[in-house]
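So you can see what is in the structure, the chains are spelled out below.
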Amino acid sequence: MDLAALLLSTKLGGATVALLLPLALAAGRALAVRDFRGKGAVEALLALPLLLPPTVIGFYLLVAFGRGTAAGDAFEALVGTTLAFSFAGLLLASVLVNVPFAVQPIQRAFEAVPAELREAAACCGMGRWTTFLRVELPLAWPGIVSAVALVFAHTLGEFGVVLMVGGAIPGETRTASIAIYDRVQAFDDRGAAIMSATLLALSLAALAVVHGLAARRRGGRRR
Amino acid sequence: MEGLVVACRQDAPIPLDARFACGPRETLALVGPSGAGKTTLLRAIAGLARVADCTVAIGGETWSDPARGIDLPAHRRAVGFVFQSYALFPHMTALGNVVAALGGLPAREAEARAREWLRRVNLEGLEDRHPRALSGGQQQRVAMARALARRPRVLLLDEPFAAVDKVTRRKLYAELAELRGALEIPCVLVTHDLDEAAMLADRMAILRRGATLQDGPPDEVLRRPASVEVARLVDMRNVFAGRLAGHDAARGTSLVEWAGLRLEARACPRFAAGDRIAWCIPTSEIVLHRADRASRGERENPVEGGVATAMRMGDATVVALAPDAAPGDLLHFSVPTHVAQRNGLVPGARARVSLLADAIHAMPPAGG
């Protein structure tokens, strides 16, 4: 069992959630309640990582953030390392790949909050932030927890983009799924099996959370 | 003036050209068909709807005035708004819903005031229930308590009785009337139910395509519509074309010529003898002559004809009479069902009625 790889995956998952959640809350809510020109295009763009092979995303990231490019130099100035073969690079790639997994459930959750409740909140004297915190967030939270679970589980299992951007540096960029691949390559079936079972259990737990919350939303809370 | 003054104009998306005022302690009903702009006007007062040119002022305070660049956001307008669907916060209890409208108060004071309001709307003991565990009528009461607890400067009601059954509605009417008696603020009620408006409002404004057609006490609007269009909107069934024959100054009446008959009518000095007019009379002001016994009232605008239809509607029967003088102009009147039976009012039967002179109201002719 490669504990370092599992810890790294967990750290990557946690950091991805932490970075992505505020962005997804802002984007998901805006897409749910606002109408603006080009909304369809924005939605399509945010959903793109669902269809693109992760290796393609990884490739473009490497090209865009390569040494000598403006984005690459800015990244290095900000983080202190290059995008390739660094945890920071891995994190950026992970955030990008996970955008639709975070934004879509949150958008659906905010769409399910009737506009009239926002209006009723305004007529109760609540400003925009109070309405968000006291009315919208409590009603949308199952969708938000779903997004967190999906992003975390998806990050644990991400392989293609991790391999493209990070390689497999132990403790730095070798995540659990890369470690499993390495174990199999090294004919260590037992090691691969333990790691796989651990990831399977974590993914199942995440799915249970998502489905449990979805059922709760469908059925409503019973007294 | 401490009341509410509203003037809204816009061409699209919903054309509006309405102005009205509502004094403190007064209930104004905005009445009209679907799409008349009633709800848009209510939402414009609350700051929920964007109307291109809308001035809203209450008691010297301006909430919206495009000319002066004033447009307070909804949460800064002290309104109590009861939505048609109530829009209760589903994750909060009844108490939580009312407390939610008392953001500026310390928690204990807010809770005490919310409990007091729930008691006033007869929901004592149900404070901890969530909206889904309350009946429609109870939800409406929570919405009313939530709207009033924050001591609004105006109460806005958007078809608040549309979603409850008839029995509950009757109870809620009485409760609202009682609550209104204790409130010193203007109240604007949007409804398409004329009976509801007549029962609850001190004044009603008839709207069509966003424009105020008539504004006045319900009894006046319902009995003396300003135009044929208003008459149709207030469901006046007896509207006919005629001519003004003259005025009888001594009796204080006017004479209306209709289908060769001369009808004595309420004085209408705005029209001159010979003018084409439209006239109307409420169904309740046509009196059936008893078949078995003549009465004094029979001298008042008697009309004879054949019964075209007699439709029983519970305790009352609505009869359409085809007058001999004008068989195409059906006169509708309503009598208790037992009276209809006793007088043999079935299709084909003969009947005589009197059109009460004081209820005959002259209007400009249709399209005039």
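Conventions used here
Residues numbered from 1 in each chain as written. Chains lettered and ligands numbered in written order. Predicted model: local features only at pLDDT ≥ 70, side-chain atom pairs only at ≥ 80, totals over all residues. Heavy atoms only, no water. Helix = DSSP H or I, 4+ residues; strand = E, 2+ residues; numbered from the N terminus. Buried < 20%, exposed > 50% of the residue type's maximum accessible area, 1.4 Å probe, protein only. Salt bridge = Lys/Arg side-chain N within 4 Å of Asp/Glu carboxyl O. Phe/Tyr/Trp six-rings, centres within 6.5 Å; stacked < 30°, edge-to-face > 60°. Lys NZ or Arg CZ within 6 Å of the ring centre and 35° of its normal.

To continue, consider unusual backbone geometry. The peptide bond linking Ala12 of chain B to Pro13 of chain B adopts the cis configuration, its omega dihedral lying at 0°. The topology assignment puts Pro13 of chain B in the loop between β1 (4–10) and β2 (16–22). Not every positive phi belongs to a glycine, and Phe187 of chain A is a case in point at roughly 60°. You can see Phe187 of chain A is positioned in the loop between α9 (176–185) and α10 (189–219). For Phe187 of chain A, a relative accessible area of 75% translates into the label exposed. A positive phi angle, close to 65°, is found at Asn122 of chain B, a residue other than glycine.

Now for the pattern of salt bridges. Within the structure shown, the criterion is met by 30 salt bridges over all chains. Linking Asp35 of chain A and Lys39 of chain A is a salt bridge whose minimum nitrogen-to-oxygen distance equals 3.5 Å. Judged by relative accessible area, Asp35 of chain A falls into the exposed class, the value being 74%. Its relative accessible area of 16% is what places Lys39 of chain A among the buried residues. Two residues, Arg262 of chain B and Glu257 of chain B, come together in a salt bridge whose shortest N-O distance is 3.6 Å.

The subject of this paragraph is the packing of aromatic side chains. Going through the model one piece at a time under the given rule, you end up with 10 aromatic pairs over all chains. On the numbers, 4.8 Å between centres and 70° between planes, the contact of Phe161 of chain B with Tyr173 of chain B is edge-to-face. Taken together, the residues span a long stretch of sequence, with Phe161 of chain B in the loop between β8 (154–158) and α5 (166–181) and Tyr173 of chain B in helix α5 at a distance of 12 residues. In this structure, Phe161 of chain B and Tyr173 of chain B share a single accessibility class: buried. Members of the aromatic cluster, connected to one another through ring pairs, are Phe110, Trp129 and Phe132 of chain A. Above the ring of Phe87 of chain A, the side-chain terminus of Lys11 of chain A is found at 4.3 Å from the ring centroid. Sitting over the ring of Trp117 of chain B, Arg120 of chain B keeps its end group 4.3 Å from the ring centre.

Worth remembering: the numbers are spatial, not functional.
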